[in-house]
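Tertiary structure, described
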Amino acid sequence: MRDKSTSPGREAWDAVRASEIIGALKATDGAMLPILHAIQAAFGCIPEAAEPLIGEHLNLTRAEVHGVVTFYHDFRREPAGRHVLKLCRAEACQSMGSDALAAQLEKGLGVRCGETSTDGSVTHEAVYCLGLCAVAPSAMLDGAVVGRLNERKLDALIAEAKR
């Protein structure tokens, strides 16, 4: 398994740097979400050690911070791969074949949903609605959405993600 302490373009966890980020944003209205996004942008994830630090600065419990981190699917505990491939698993996409595409994706990447390839090239995630129900099934690669996904298009996305 690859070393996930750092990721290309991401800093290693540093409590001093995290405190600087928190300090710069803690006066913002609704500060927790901007802080969490900034921590993740800097470190590639929200390390568990960040929760009590954020709580201390915002006068919140670790449990309150943890609840927000685990509620939002875009926050992660480990850095993502260089590319993130999300497959919609909501009802409209399921009805149009996303279950078979999920199996194809797992086979093509060699990882299960929620995992990152050993070479760090791609993280496979489920998402529960991209708002593309009319062109289901759909996926997203690095923020770019793809509708009317089929086996051929998925193979192309897998190849692109592995590059």
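Residues numbered from 1 in each chain as written. Predicted model: local features only at pLDDT ≥ 70, side-chain atom pairs only at ≥ 80, totals over all residues. Heavy atoms only, no water.

**Here's the deal with the nonpolar core**
Our working rule: The nonpolar core is taken to be a set of buried Ala, Val, Leu, Ile, Met, Phe, Trp, Tyr and Cys residues, with the residues joined through side-chain atoms within 4.5 Å. In this scheme, a residue with accessible area under 20% of its type's maximum is buried, one over 50% is exposed, and one in between is partly exposed, where area comes from a 1.4 Å probe on protein chains only. By definition, any uninterrupted DSSP run of H or I lasting at least four residues is a helix, any uninterrupted run of E lasting at least two residues is a strand, and each is numbered from the N terminus. By the convention used here, residues are in contact when the closest approach between their heavy atoms is within 4.5 Å.
In this structure, Ile-35, Leu-36, Ile-39, Ile-46 and Ile-54 are the most contacted members of the largest nonpolar core, which totals 18 residues. Listed by contribution, the elements that provide at least two residues to this core are helix H1 (15-25), helix H2 (32-43), helix H3 (50-58) and helix H4 (62-71). Here this core gets six residues from one element, more than from any other, and that element is H2. Discounting residues that sit within four places of it in the chain, Ile-54 has contacts with Ile-22, Ile-35, Leu-36 and Val-65. Counting residues in hydrophobic clusters, the runner-up holds 16 residues, among them Val-111, Ala-139, Leu-141 and Val-146.

**Re the packing of H2 against H3**
Filter applied, for reference: For helices, the fitted axis covers only the stretch in contact; all axes are lines through C-alpha atoms, and the angles between them, taken along N-to-C directions, range from 0 to 180 degrees. Left-handed describes a crossing whose near helix is turned anticlockwise from the far helix through less than a right angle; right-handed describes the clockwise counterpart. Amino acid classes used here: Ala, Val, Leu, Ile, Met, Phe, Trp, Tyr, Cys and Pro are nonpolar; Asp, Glu, Lys and Arg are charged; the rest, including Gly, are polar.
Running from N to C, H2 and H3 cross one another at 145°; their axes reach a closest spacing of 12 Å. Regarding H2 and H3, the two cross each other, and that crossing is right-handed. Residue-level contacts link Met-32, Ile-35, Leu-36 and Ile-39 of H2 to Ala-50, Ile-54 and Leu-58 of H3. A breakdown of the residues in the contact of H2 with H3 according to their chemical character gives seven nonpolar, no polar and no charged.

Read these as spatial facts, not as claims about activity.
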